[in-house]
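If you want the building blocks of each chain, they are given just below.
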Amino acid sequence: MRLKITIETKDKFIPFEYHGYLQGVIYHSLDEEQGKFFHDEGFGKQRIYKMFVFSELSGHYHVVKGGLMFDETASFYISSASSKLLNRVYEKVHEDGFIYLGQTKFKIVEAKPVKDVIYHEDHIYYLTTISPIVCYKTDEKKFMTFFHPKSQDFEVSLQENLQRKYLTLFDNDDDQFFEIQEIIKYRNTKVKYKRMVYNAYNCTMKVKVSPGYLKLLMHVGLGSKNAAGFGMMRIL
């Protein structure tokens, strides 16, 4: 399951760099114990994963200087491997009836759980991003090399990242698989998160994926920096 949250946005400015604000909605919804775990600790030992992801804002909008103006409402999705996180965010937005994006207050129009996984017997799925995928490696000098969706490194990196996340939560992944059969379309986008600019891609792909990996990628996202709002997927 995932949460769909719709906010009233008429006549309200939203800066291009709003991703940190959406992440803040999640963290500010948690109690002290949950907040400490998800913000400071996370899942795993050597590599730490927060195991949640959120989408970009969607809706009818126009671009103005420095940001966006949505016509009436905007929506975004939150998903997680932790039902406790989703339940707490759901409870909090219903209790408050509003969220803040930066210093601006937005009324909640609707917050509801929605289904996110439909299983196919042939394991073939068409997936599309609702927040762009960022896929990269970092060398010893902290230099980042970003992978293009058409490169072999892109698929291998996604496979390895998905495997690491899965083995953080489960004992083994012997029956799991993920294969990109076709990148149908893609579009490069630069996303600034905090002080870093990420070279990310919105894309639609045909994949063959096992049920376990599918459930995980739908709950926590594909690629890196999921908790910063990258790699949330939708099944077409």
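**Student:** What is the right way to read the nonpolar core from this model?
**Tutor:** Note that soluble globular proteins tend to have their nonpolar side chains buried in a common cluster. Ranked by internal contacts, the top residues of the largest apolar core, which has 29 residues, are Ile5 and Ile99. Mapped onto this core, the elements with two or more residues apiece are β1 (2-8), α1 (19-29), β3 (52-54), β5 (67-70), β6 (73-80), α3 (83-96), β7 (98-101) and β8 (104-114). Ignoring sequence-local partners within four residues, the contact set of Ile99 consists of Ile7, Val25, Phe76, Val93, Thr104, Lys105, Phe106 and Ile108. Within the second largest apolar cluster, 28 residues are counted, among which are Cys135, Phe154, Ile183 and Val207.

**Student:** So what exactly am I meant to see when it comes to the confidence of the model for the protein chain here?
**Tutor:** Do not read the predicted coordinates in detail wherever pLDDT is low. Taken over all residues, the pLDDT of the protein chain has a mean of 94, while the share at 70 or more is 100%. Ranking the elements of the protein chain by mean pLDDT puts helix α2 (residues 32-41) last, at 87, and strand β9 (residues 124-129) first, at 98.

**Student:** For this particular structure, what's the right way to read the packing of α1 against α3?
**Tutor:** Two measures define how a pair of helices packs: the angle their axes make with one another and the distance between the axes. Viewed as axis vectors pointing N to C, α1 and α3 meet at an angle of 95 degrees, and their least axial separation amounts to 8 Å. Taken together, the axis directions place α1 and α3 in an arrangement best described as roughly perpendicular. Every residue of α3 that contacts α1 at Ile26, His28 and Ser29 is listed here: Leu85, Arg88, Val89 and Lys92.

**Student:** Is there a simple way to think about the packing of aromatic side chains in this case?
**Tutor:** Each aromatic ring pair is summarised here by two numbers: the centre-to-centre distance and the angle between the ring planes. In total, this model carries 14 aromatic pairs according to the counting rule given. Both rings, one in Phe98 and one in Tyr100, keep their centres 5.7 Å apart while their planes meet at 85 degrees; by these two values the pair is edge-to-face. With a centroid separation of 6.2 Å and 65 degrees between ring planes, the pair formed by Tyr186 and Tyr201 is classed as edge-to-face. With Tyr186 in strand β12 (residues 178-193) and Tyr201 in strand β13 (residues 196-209), this residue pair connects regions lying 15 residues apart in the sequence. With relative accessibility at 38%, the residue Tyr186 sits in the partly exposed group. One aromatic cluster is present, built from ring pairs that chain together Tyr27, Phe37, Phe38, Phe43 and Phe52.

**Student:** Help me out: how do you make sense of the environment of Gly231 in this one?
**Tutor:** Residue placement: Gly231 occurs in the loop between α5 (211-220) and β14 (233-235). The class of Gly231 is buried, set by a relative accessible area of 0%. A sequence separation of 102 residues divides Gly231 from Thr129, and the C-alpha atoms of the two residues are 6.5 Å apart. With residues near it in sequence (within four places) discarded, Gly231 still touches Val53, Ser131, Pro132, Ile133, Gly221, Leu222 and Asn226.

**Student:** Looking at this structure, I do not really get the pairing of β8. What am I missing?
**Tutor:** Residues in a regular strand point their side chains to alternate faces of the sheet. Bridging between β1 and β8 involves 6 bridges; their strand directions are antiparallel. Bridge assignment links Thr6 to a residue of β8, and that residue is Glu110. Hairpin connection between β7 and β8: a loop of 2 residues separates the two successive antiparallel strands, and Gly102 in this loop has a positive phi of roughly 70 degrees.

**Student:** Any chance you could explain the sheet that holds β13 here in plain terms?
**Tutor:** Strand pairing within a sheet occurs via backbone hydrogen bonds; the two strands may be parallel or antiparallel. Overall, antiparallel pairing links the 4 strands, which are arranged β12-β13-β9-β14 in an open sheet. With one partner strand each, in any of the chains shown, β12 and β14 form the two edges of the open sheet. Across the sheet, the mean angle separating the axes of adjacent strands is 25 degrees when strand polarity is ignored. Pairing of β9 with β13 involves 5 bridges; the strand directions are antiparallel. Residue Tyr126 lies in a different strand from β13, and its bridge partner there is Lys206. The strands touched by helix α4 (residues 152-169) within the sheet are β12 and β13, with β12 carrying the most contacts at an inclination of about 90 degrees.

Here is what the cut-offs are and how they apply
- Residues numbered from 1 in each chain as written.
- Predicted model: local features only at pLDDT ≥ 70, side-chain atom pairs only at ≥ 80, totals over all residues.
- Heavy atoms only, no water.
- Core = buried A, V, L, I, M, F, W, Y, C linked by side-chain atoms within 4.5 Å.
- Buried < 20%, exposed > 50% of the residue type's maximum accessible area, 1.4 Å probe, protein only.
- Helix = DSSP H or I, 4+ residues; strand = E, 2+ residues; numbered from the N terminus.
- Contact = heavy atoms within 4.5 Å.
- pLDDT = per-residue confidence, 0-100.
- Axes fitted to C-alpha atoms, helices over the stretch in contact; angles between N-to-C directions.
- Parallel < 35°, antiparallel > 145°, perpendicular 65-115°, else oblique.
- Phe/Tyr/Trp six-rings, centres within 6.5 Å; stacked < 30°, edge-to-face > 60°.
- Pairing = 2+ DSSP bridges.

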